[in-house]
Structure formats: C-alpha cells, structure tokens
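Structural features, examined
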Amino acid sequence: MLPLEKLVEPDRVHKSVYTDQAIFDREMANIWEKAWVYCGHESQLKKTGDYATVQIGRQPLIMVRGGDGRIRVLYNRCPHRGVQLCGNRQGNTGSTFVCSYHAWTFHLDGRVKGIPLSHGYAGTRMTHDNPDCSMKAAARVDSYRGFVFASLTAEGPSLVEFLGDAKIAFDDMCDRSPEGEVEIVPVCHRVVQHSNWKFFMENQLDALHPSVTHQSTGIAAGRVERKLQQAGQKPPLYYHYLSTFASSFDQWDSVQTVNFPRGHGILKGYMGLRPEDPDTQEYVAAMHRAHGEKKAEEYLGRSIHHVLIYPYLSVQSPLQQLRVLRPIAPNQTLSEIWHFRLKGVSQAIYRRALWYFNLVNSPATMINADDLENWTKGQWGLESDGGEWVSFHRNYGGDTCENGTTYSNNGTSEAVMRSQFAAWREYMK
Amino acid sequence: MSDLEQRLLEDVVIFENKEANRTGAQSIAPDHSPRQTHKSKPLPARSVVVAADLQQRVEQFLFHQSELLDEKQWAAYIELFAADGVYWMPVTSEQTEWLDSPSIFAEDRRMMEIRMGRVTHPNAWSQAPQWGTSHLVGNVVIESVTDTEISVRSRFQMMELRRDTTRHFAGTYRHKLQRVGHDFKIEVQRVDLLNGQAPFDYVLQIWV
C-alpha cells in the first residue's frame, strides 16, 4: 500500500484505492466500523420483537424493537459458540432470541435469559451473571427524525455532528409531509454492483454523465412524451423523470453541487417537481394548512435532487427514496433501495414518487442498468496496468469555498470527487 | 478387562421421551404453531374443465409470446397486449396492486414502447455485450373461463446469456386474457420471479 499522501492528491487518486484488498479492509475498520451507519427506519419495526438484520462493514448486526418500545442494535452472534441468532433478513422473533444450536435464549435488549443445563457452568467463568453471556450491543445507537443509525465505537462525533448540514436530507423528506413524518414501504430493491463502492458515491453527484450514460432512455422517453403532447394529451410526470436525463451538457452544467465537510454533499434540483395539476394543488393546500403558507413554501421550494451522506447513503428527499451501500469486497457492493410514504398525502402523490423509485432503481431499471455497466467496466479498467491515476481535474481551482463548504460554479465540476477524497484521507489516517 | 472396555459396557438407550416438553429448546420456546404464511395460503386453483382445443390455443399463445421474446421481436410482443394492457412484475408474491407497491416492472404499453426504444438505441450501453434468452413455458393451467375472459397460470424457466455469463430465472406467469375471436389479447400479465428478492446487478432490460 502506498502512503496516503501518495494515494490521494488534490486533483487525482491512485487506482489502487478502488482495487486493493488491504485498502478495502482499512476502509471497513476506519470508516464503516467507526462512523455512524444507517440501519433502518423506526417504522420498519412496528411490534415488539420485529427485527431486521444490518451489515455494518464486516459486522452482522440485528436492529430490534424491545418490549419497552426502544430500538436496539445488537451483534447477530450467540455468545456461546458464535452462531448467528437471526437467519432471515427480517421478521419477528417474539419475546426472545433463541439460538438454533444449543437453545441459549436472550431478551430483546441482548441480556441472556436462559442457558440450558446451566448447572454445567457452575464454577466456570461463563455463568449467567457474566456479561460475556449476553449479546454484544453496538456502542452507540441514535436516530434522527425516525432514521436509526449505529456506531460501533464509543468515541467520535455525535450523530448530529456526523451528519452536519447533510441532515437536511431527513428534514427535507419529512417536512414534505403535512404530518412531518414518513413511513417506510417495507419492500426494498436490492442491487449488486461488480465494482468498488466509490463508483456509486461519485456517480451520484456527477452531473456530466446522465446525458451520456442515460441518453438511450432519455431519448426514447422524450420521443413518447412528445408523441403524446402532439396528440393533445398531457404525459404523466414520470415520463419527465426519464426524459430529463437526456438534457444537454450546458443544462447539466447549470445544476450546482454543494460539497460539505466529511464528504457529504447535495446535487441541487432540476426536475421541477411541482406540476400544475389537481393532485399537486390539493397537496400544496394540505401543506399550507399544516405548516402555514410561509413554512410550507420554504419546504416545497428547496432545490434538492438528492443528498449524499458519505460514504454510504444517497437520500432523494423530494421523491422519498434512500439508497444505502453495504460494501462486500473491493470489487463488489450491495445497495438496498428503500421507498418512504409521506404521511397524510393522497395516493396520487405517493404513486408519483413510487414511479421514480421503480423506474430509476428497480432491478429492471432503464437508468441504473447503464450506470452499473459503466462501473463494472470502470473496475476492470482500474484493475489493469493501462494507467496509474484517476483524474478529477475538471474545473479544478474553479469552485467557491465558504466555511469548509465547496460550491461548484459548474454543475459538472469534479469538486464532488475531490471533496469526497479529502474526507476519505482524513478517515484513513 | 481395561477401563475403557469396562466403560463401553455402560450403555444408555433413549426411549420415547415422555419429558420432551420440558427439555431442550421446547422448554424455552414452547410455541410450536405453524408459521402464518404456511397456514393462510389458499391452494392453487385446479384447471377448470375446458375443451381441449381451448387449452391448446391458450398454450400456443403463451409459447408464441415467449418465442417473440427470445427472437427479440419486441414490437410484435407489445402488440399481444390490449390497448390498456399491463405487464407487472412485483417484488414479492404478496403484493396485489400494480400501481401502489414496489415493482421490478410496472408498465403500460407506452412505457413498454419507451423500453423498446431504449433497448434498440445504439447507445444503450448495458446492452452492448452480446446477450440472449431462452424461455421454456409449461404447467399451463386455465383457472377460469368466461365468454370474454380467461385466467391462466403457468410456470417458466429462462436462461440468459450476457457477455460471458449465464443466469437462470424462473417463476410464475398469471395471464388475464381477453378473448378476441379465436385469438387473445393480454389484459394483465403478472410475473412472479422466484428469485425476485435476490440481489442482481439487474434483472433483464427487457420483459421476462
């Protein structure tokens, strides 16, 4: 492994940060297993005993709701012989976890409940009162507006400090509900990319790629959209979701990115999500009634396409979806893509957002498929000896920096990647 | 006789265990009721008695549809759908509403037209590597018949080649067919992919 300052320069990075197993292991230890990692949403666990398994770095955990209503995050491991206690991705475990190997049982807060043949442990160090007999808990668990995070280290910034200005992701999503809350749709899309996780994070705020990568879909959708308009019909908003991908370089260059400390960032909005139709008018009226006109207009007027929480989360707050990365290997990354329902809105408003979720992020998407192809080929290219460096030179020196936040003066500036790697370097020290 | 041989003579036989309820996992997790999903599911419908020629025509229709996919005859494939026809692949088999739940595919004819336009565009990058499919449709069961409509359930197996890799998909088709003379139009085709919740880099870029 090259020294850090040789791996990451201000305008370029060495290819090995995408391909090297030792660097990947260090990322898992220094970033994922220390930072606050998103586990899930409170509404995922409705009843006592509801659980969902979560991978944090290399660590398998369980997020579970206890009888006291609290959500805890525990290692998915029986302290006896190490067997995982939950074998499914989600479910209800009743009032206890039961190990399938030797029937050790645990309360929902992880404390050991029963040890079979416990008299056999008399006089050993593994008696019922030893805390080692209980399931280990994540060092810290906290939530922000219903979104649950865990950190596997006791030290470090609080959740709110970690999120910084990027907490707008969750405010923006919840504020768009007349009730100020969202509820998770309990089925997620799961997508595997055969590439390093960084490809995803860089791509999210890369405003130059859509008109290149997604032109086939943008053009095909625009053609059908125009055909409908010519026939005097109003095409549904979700055609526009697809056709805007084929916007010109100049148009994309006018969309600004905001790059926060710790690698977080925002791609500002460009889709114009407030059409003049009865469904929208009814929704806006409900928002005015709930929040008052001034606040409601502030909420609905925010220019956000999506917010990145580095290094693993992309929150598309105006359309209520969230993508979370679970890296598996230097060249393999799993993403889970969740959709949320704004509380107190009509079915039409819900459906409108759901279309985006399905069209852009389902495993049959006509959009993300071309990204995945790019990243696979990108991984192969970087694994080769055809070159040593990855270039982030576009608009280098042309961005505006204020109080640690970098505003790109060109939407297509590679400020995004430069900012992410500055954060990466800090984590990897 | 050695110690070991002596000890080996001390045999234990576990007979029917009358104390079963008080031992092992049963004492700790005494709930033995079957899981909800297993007791609540209705049995699959049996074939209704229909004329053999109707069964044959329905089967031939399904075979033709899958052949059009494998031959990449997408315009003709879309034509099999009624003007307001829908192709739907939900994420889980529990879902019932095509507009209201996460879907892998949820497409009317216009969206299918966009998909065809996208896949045939020269810069559909993900489709640049060589690819093809081979479907096998069977277990065709006509669940109900009226003068105007037929509900039919079938199973499919599909092998896909992409670049240097083959993948295997399988599942259930549920067609609601409109009767148009001796032919049919698809009102709804529901596709439940057996491996729908498995993580893919993506499922096909064209209908399954």
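Residues numbered from 1 in each chain as written. Chains lettered and ligands numbered in written order. Predicted model: local features only at pLDDT ≥ 70, side-chain atom pairs only at ≥ 80, totals over all residues.

**Notes on the overall build of chain B**
A count of helical and extended segments in chain B gives six helices and six strands. Out of the 208 residues in chain B, the part that is buried amounts to 26%. Within chain B, contacts between residues separated by at least 24 positions form 55% of all contacts whose residues are at least 6 apart in sequence. (Helix = DSSP H or I, 4+ residues; strand = E, 2+ residues; numbered from the N terminus. Buried ≥ 20, exposed ≤ 12 C-beta atoms within 10 Å, placed from the backbone. Contact = placed C-beta atoms within 7 Å.)

**Notes on the sheet that holds strand S1 (residues 8-9) of chain A**
Residues and elements named next belong to chain A. Overall, antiparallel pairing links the three strands, which are arranged S1-S2-S20 in an open sheet. Strands with a single pairing partner mark the edges of an open sheet, and in this sheet they are S1 and strand S20 (389-391). With three bridges joining them, strand S2 (residues 12-14) and S20 adopt antiparallel strand pairing. By the bridge assignment for S20, valine 13 is matched with valine 390. (Pairing = 2+ DSSP bridges.)

**Some thoughts on the domain arrangement of chain A**
All names here are of chain A. Partitioning chain A into domains gives domain 1 (37-151) and domain 2 (165-428). Each of domain 1 and domain 2 has a C-alpha centre, and these two points are 34 Å apart. Contacts between the two partners involve 10 residues from domain 1, matched on the other side by 13 residues from domain 2. In terms of residue count, strand S3 (residues 37-41) provides more of the side of domain 1 that touches domain 2 than any other element does, three residues in total. Looking at the side of domain 1 that touches domain 2 residue by residue, the class counts come to four nonpolar, five polar and one charged. (Domains from an automatic or database assignment. Nonpolar A, V, L, I, M, F, W, Y, C, P; charged D, E, K, R; others polar.)

**Observations regarding the interface of chain A and chain B**
In this assembly, 39 residues from chain A lie in contact with 33 residues from chain B. Of all the secondary-structure elements, those providing two or more residues to the side of chain A that touches chain B are strand S13 (182-193), helix H8 (215-230), strand S19 (332-342), helix H13 (347-361) and helix H14 (368-383) of chain A. Looking at the side of chain A that touches chain B element by element, the count peaks at eight residues for H8(A).

**Comments concerning the sheet that holds S13(A)**
Residue and element names in this part refer to chain A. Within the open sheet, the nine strands sit side by side as S13-S19-S18-S17-S16-S15-S14-S22-S21. Their pairing is antiparallel. For this open sheet the edge positions go to S13 and strand S21 (400-402), each flanked by a neighbour on one side alone. The sheet shows a mean angle of 20° between the axes of neighbouring strands, direction not considered. In terms of strand pairing, strand S18 (residues 321-329) meets S19 through eight bridges, oriented antiparallel. Looking at the pairing, arginine 323 lines up with isoleucine 337 of S19. (Axes fitted to C-alpha atoms, helices over the stretch in contact; angles between N-to-C directions.)

**Focus: helix H15 (residues 415-428) of chain A**
All names here are of chain A. Compared with the 20 Å implied by 1.5 Å per residue over 14 residues, the 20 Å span of H15 between its first and last C-alpha is a close match. All of the buried residues along H15 are Ala415, Val416, Met417, Arg418, Ser419, Gln420, Phe421 and Trp424. Among the structural elements, S1, S2, helix H6 (197-204), strand S14 (257-259), strand S15 (265-267) and strand S22 (405-407) are those in contact with the buried residues of H15. (Expected span 1.5 Å × (residues − 1).)

**So, unusual backbone geometry**
Residues and elements named next belong to chain A. Looking along the chain, the bond that leaves tyrosine 310 and enters proline 311 is cis, with omega of 10°. One can find proline 311 in the loop between strand S16 (306-309) and strand S17 (313-316). Of note, the phi angle at alanine 103 is positive, near 65°, even though the residue is not glycine. Inspection of the secondary structure assignment puts alanine 103 in the loop between strand S8 (97-98) and strand S9 (105-106). One non-glycine residue, leucine 117, lies in the positive phi region at around 55°. On the neighbour-count criterion, leucine 117 (10 C-beta atoms within 10 Å) is exposed.

**Considerations on the packing of H8(A) against helix H6 (residues 109-120) of chain B**
H6(B) packs onto H8(A) with a crossing angle of 140° between their chain directions and a minimal axis gap of 8 Å. Our classification of the angle between H8(A) and H6(B) gives oblique. Between H8(A) and H6(B) lies a crossing whose hand is right-handed. Contacts between H8(A) and H6(B) pair A:Ser216, A:Thr217, A:Ala220, A:Ala221, A:Arg223 and A:Val224 from the former with B:Arg110, B:Glu113, B:Ile114, B:Gly117 and B:Arg118 from the latter. (Parallel < 35°, antiparallel > 145°, perpendicular 65-115°, else oblique. Left-handed = near helix turned anticlockwise from the far one by under 90°.)

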